[in-house]
Amino acid sequence: MSDVHKNIILMSYEKGTEEVLKYLNEDELRSIRIVHATFDDTKKIAEKLIQNKEVSVFISAGSNAQIIKDNFPYIPLAEIKVTGFDVLNAIIKAKNYSNDMFILMYKYNIEYLSDCKNAINANIIESTYQDVFELKRKIHEIKNKSPNSVIIGSSLVCDLASENGMNSVLIYSSSSIKNAVRHAYQLLHIIERDAVRLKQLQAIIDFAYSGIISIDENGYITAFNKMAERIMGISSGDTINKIITDVVPDLQLTEALNAGASQINKIQNIENKKIIITKIPITYNNQTRGVVATFLDANMVQAQEQIIRYDAHNKGLVAKYNINDIKGSSKLMIKLRETIKNYAISPLTVLITGESGTGKELVAQSIHNLSKRRNQPFVAINCASLPQSLLESELFGYEEGTFTGAVKGGKAGLFEIANGGTIFLDEIGELPLSFQSQLLRVLQEKEVRRLGGNKIIPVDVRVIVATNVNLNLEVAEKKFREDLYYRINVLRIDMPALRTHLEDIPEIAGSFMQNKYANIYYAYKNKWNLIFRLCKTCNWPGNIRQLENFLERLTADSDLLNEEQSFIEKEILILLKSEELPAKPIESRNIINNSEKNYREIMKEKILKELVRNNGNRKATAEAIGVSPTTLWRYMKIYNIK
């Protein structure tokens, strides 16, 4: 029996409990704690249970239920209620004893009793009582005036009637009792769910970077998080349920409450501190019910900006991935890891080609971490992310006063920063043609000269470059220098597209889930493994990155993961169909950006053109369009090229 189930308390009169328990099954009997009490004892015992946090939900009826409602309205109660069926059923049972019946109820009469009286030929008298003494007196009077009559009521009424030697019938049916038990479990589930949400919300509030204070419509503080404590120098224990103007009058939250308008990122002085504050009124039914304020210490913001600038300057100096992060047991992936190990011991330049999302930077970092340079800087730069005007200054650095805004003392370029280590130039195919000659000189001479300077600075750097475009085609179209291409194409790694080693998907996907979403993975392990197997059926145009994005979307769909495996299989196959696109090999930019023809038409035309140019030689044709002969054969089959 779990601790949760112990928090359901059935509050009943001791002698009458047996009558109620007859209607509960074994699971319910094990899961519900029975507490005997009535009238004065009920209030005292319930209060103790609440203080000791031993109750989440009460189940009770009659006087016990009313006492709990009157005294503890904030505690959920699953009341065993009297229904019309209960009354009718009890009267029918009572006729087995006598046609003279007395229904005794705590405080309130039964509203629909008259309908039941009309339905059954019996002499029925209803009466109410306010306490146990009045109940005992009434039962005694009934016995004296009508000793052969039958009494209908709660378990307490029935027990006292039996003590006086009178026949009695419990007014509650098994249906009412079971409904109350079911309602109790529903209430408990809601309490558990809300408790989890409250803890999540409290964690968000407590560990938020901003100070957070909220007030209700009367100006009482309802939340005061840890960062607010730190900024204001006030403990939350001294603030909750206190008027905001008594605690932090300068915050002016009551003014925002009265105005009912948001204030975003305003500068405010609080004693000796300057804060940046946002005040958001909380409205419901067109009425302002409170205000939430989030704020930052301006000095802390400035300090964080300095940290961010420092971090941005040093970003990429460490390679965080290694060869063990490259997953897959297929021949392609085994060969890839062997190639990485071989290339790591060489000082030569490496060209990594492959479609977007195949893991080119992962390979570059793995080469660095297996090399003798592993303890030296690893500097990565995306050549497509920098405008041409900044390329030279970022890669080669500049001297003081070279241009307006230049840093005092000048700035080292990324080649200088990477000295002794590795520089990774991603998307090198995006470099402007006018800049490629400067890069070629640095690669050949192994020295740089800062912008605006005369000093030659030698650099010892291992160069790894990557591209997702076909540099052969770029050279042919005069968009990439042929001499630079030969300089970087010394050692080459062609990254396999995911669709060429689909058998590795379960291992790749499983590793991703275990590293990033371990709890979700292990909670639904069998279903995730089913999803991984289904993912092998998809032609992934976005490669590993798209696969990971697909898995991330599924982690948010807990409803789907809770379904039966047959349903999940059907749904996943539908989702995968929407992910699948025709295979897309490395292309020249002018082909990739062509919006007038669809991909199949472009690819078919390209293959036919190269077959003619190469006199039907498939190996030369495959090399010209940047795919393997096997892939070319598959395309020819798809496009029905003979």
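Residues numbered from 1 in each chain as written. Predicted model: local features only at pLDDT ≥ 70, side-chain atom pairs only at ≥ 80, totals over all residues. Heavy atoms only, no water.

A. Representation of the side chain of E610 within the structure. Relative to the assigned elements, E610 resides in helix α29 (residues 599-613). By relative accessible area, E610 is classed as buried at 3%. (Helix = DSSP H or I, 4+ residues; strand = E, 2+ residues; numbered from the N terminus. Buried < 20%, exposed > 50% of the residue type's maximum accessible area, 1.4 Å probe, protein only.)

B. Here's a closer look at the sheet that holds strand β3 (residues 57-61). Strand order across the open sheet formed by four strands is β2-β1-β3-β4, with parallel pairing between neighbours. Both edges of this open sheet fall to β2 (33-36) and β4 (77-80), since each of them pairs with a single strand only. In this sheet, neighbouring strand axes are inclined to one another by 25° on average, regardless of whether the strands run parallel or antiparallel. Pairing between strand β1 (residues 8-12) and β3: four bridges, direction parallel. What sits directly across from I9, in β3, is F58. The sheet contacts of helix α4 (residues 40-51) involve β1, β2 and β3, and relative to β1 the element is tilted by about 170°. (Pairing = 2+ DSSP bridges. Axes fitted to C-alpha atoms, helices over the stretch in contact; angles between N-to-C directions. Contact = heavy atoms within 4.5 Å.)

C. Geometry of the sheet that holds strand β12 (residues 273-284). With respect to topology, five strands assemble into an open sheet ordered β10-β9-β13-β12-β11, the strand pairing being antiparallel. This sheet does not close on itself; its edge strands, each paired only once, are β10 (221-224) and β11 (263-270). Here the average twist between neighbouring strands, direction ignored, is 25°. Strand direction decides the pairing type here: strand β9 (residues 211-216) and β10, joined by three bridges, are antiparallel. Residue pairing for β10: I213 is matched across the bridge by F224.

D. Geometry of helix α8 (residues 132-145). Between its first and last C-alpha atoms α8 spans 20 Å; for 14 residues at 1.5 Å apiece the expected length is 20 Å, and the two agree. For α8, the full list of buried residues reads V132, L135, K138, I139 and I142. Mapping the buried residues of α8 onto a view down its axis gives an arc of 120°, with all of them on the same face. Turned more than 90 degrees away from the buried face of α8 sit F133, N144 and K145, all of them exposed. Buried residues in α8 make contact with β5 (100-106), β6 (123-129), β7 (150-153) and α9 (155-163). The opening residue of α8, the one whose side-chain oxygen lies 3.1 Å from the backbone nitrogen of F133, is D131. (Expected span 1.5 Å × (residues − 1). Arc of directions from axis to C-beta. Polar contact = N/O pair within 3.5 Å; in protein donor to acceptor, adjacent residues only side chain to side chain.)

E. Region of the structure containing helix α10 (residues 174-206). For α10, spanning 33 residues, the distance from its first C-alpha to its last is 47 Å, which sits close to the expected 48 Å at 1.5 Å a residue. Those residues of α10 that fall on the buried side of the exposure criterion are S176, I177, A180, V181, A184, L187, L188, I205 and D206.

F. Expanded view of the pairing of β5. The buried fraction of β5 is high, at six of seven residues. Where β5 meets β6, seven bridges bridge the pair, whose relative direction is parallel. Pairing of L104 across the sheet is with S127, part of β6. For β5 and β7, the ladder comprises four bridges, and the chain directions are parallel. Bridge assignment links M101 to a residue of β7, and that residue is V150.

G. Seen up close, the nonpolar core. Counting residues in hydrophobic clusters, the biggest one holds 35 residues, and the most contacted among them are I59, I91, I103, I110, I152, I171 and Y172. Every element with two or more residues in this core is listed here: β1, β3, β4, α6 (84-94), β5, β7, β8 (167-170) and α10. Ranked by residues supplied to this core, first place goes to α10 with six residues. When near neighbours in sequence (up to four residues on either side) are disregarded, Y172 contacts Y23, A61, G62, I80, K81, V82, D86, S154 and I177. Counting residues in hydrophobic clusters, the runner-up holds 33 residues, among them L439, L440, V463 and V475. (Core = buried A, V, L, I, M, F, W, Y, C linked by side-chain atoms within 4.5 Å.)

H. Quick look at the pairing of β3. Most of β3 is tucked away, with five of its five residues classed as buried. Taking every second residue as pointing to the same face, both faces of β3 are buried, with V57, I59 and A61 on one and F58 and S60 on the other. Summarising the sheet, β3 and β4 pair through four bridges and their orientation is parallel. Following the sheet pairing, I59 is matched in β4 by A78. After leaving β3, the chain enters helix α5 (residues 62-71) and then returns to the sheet as β4, a path that is right-handed. (Right-handed = clockwise from strand over helix to strand, strands pointing away.)

I. Unusual backbone geometry, seen in detail. For N265, which is not glycine, the phi torsion reads 50° and is therefore positive. Assignment of secondary structure puts N265 in strand β11. Of the residues examined, N265 reaches a relative accessible area of 53% and is grouped as exposed. Non-glycine residue K478 carries a positive phi angle of around 60°. Position of K478 relative to the elements: it lies in the loop between α20 (471-476) and α21 (482-488). For K478, a relative accessible area of 67% translates into the label exposed.

J. The arrangement of the packing of aromatic side chains in detail. Under the definition given, this model contains ten aromatic pairs. Taken together, a centroid distance of 5.0 Å and an interplanar angle of 70° make the contact between Y521 and Y522 edge-to-face. Judged by its relative accessible area of 48%, Y522 is partly exposed. Here the aromatic cluster, defined as three or more aromatic residues joined through ring pairs, consists of Y521, Y522, W528 and F532. (Phe/Tyr/Trp six-rings, centres within 6.5 Å; stacked < 30°, edge-to-face > 60°.)

K. Looking closely at a nonpolar patch on the surface. Together, I264, I280 and I282 make up a nonpolar patch on the protein surface, roughly 230 Å² of accessible area in all. Here I282 is to be found in strand β12. (Patch = residues over 30% accessible without salt bridge, like charges linked within 9 Å, V, L, I, M, F, W, Y side chains within 5 Å. Areas by Shrake-Rupley, 256 points an atom, 1.4 Å probe, with all protein chains shown as cover. Salt bridge = Lys/Arg side-chain N within 4 Å of Asp/Glu carboxyl O.)

L. Region of interest: the environment of Y106. One can find Y106 in strand β5. Judged by relative accessible area, Y106 falls into the buried class, the value being 13%. A sequence separation of 29 residues divides Y106 from L135, and the C-alpha atoms of the two residues are 8.7 Å apart.

M. Looking closely at the environment of K107. Tracing the backbone through its elements, the reader meets K107 in the loop between β5 and α7 (113-119). Apart from the residues within four sequence positions on either side, K107 is in contact with Q66, D70, T128, Y129 and Q130.

N. Region of the structure containing the packing of helix α15 (residues 331-344) against helix α16 (residues 360-370). In contact at an axis separation of 8 Å, α15 and α16 are set at 45° when each is read in the N-to-C sense. It follows that α15 is oblique to α16 by the angle criterion. For the element pair α15 and α16, the recorded crossing hand is right-handed. Here L336, I340, K341, Y343 and A344 of α15 lie close against α16, whose contacting residues are V363, S366, I367 and L370. The class makeup of the residues in the contact of α15 with α16 is seven nonpolar, one polar and one charged. (Parallel < 35°, antiparallel > 145°, perpendicular 65-115°, else oblique. Left-handed = near helix turned anticlockwise from the far one by under 90°. Nonpolar A, V, L, I, M, F, W, Y, C, P; charged D, E, K, R; others polar.)

These results come straight from atomic positions and should not be treated as a statement about function.
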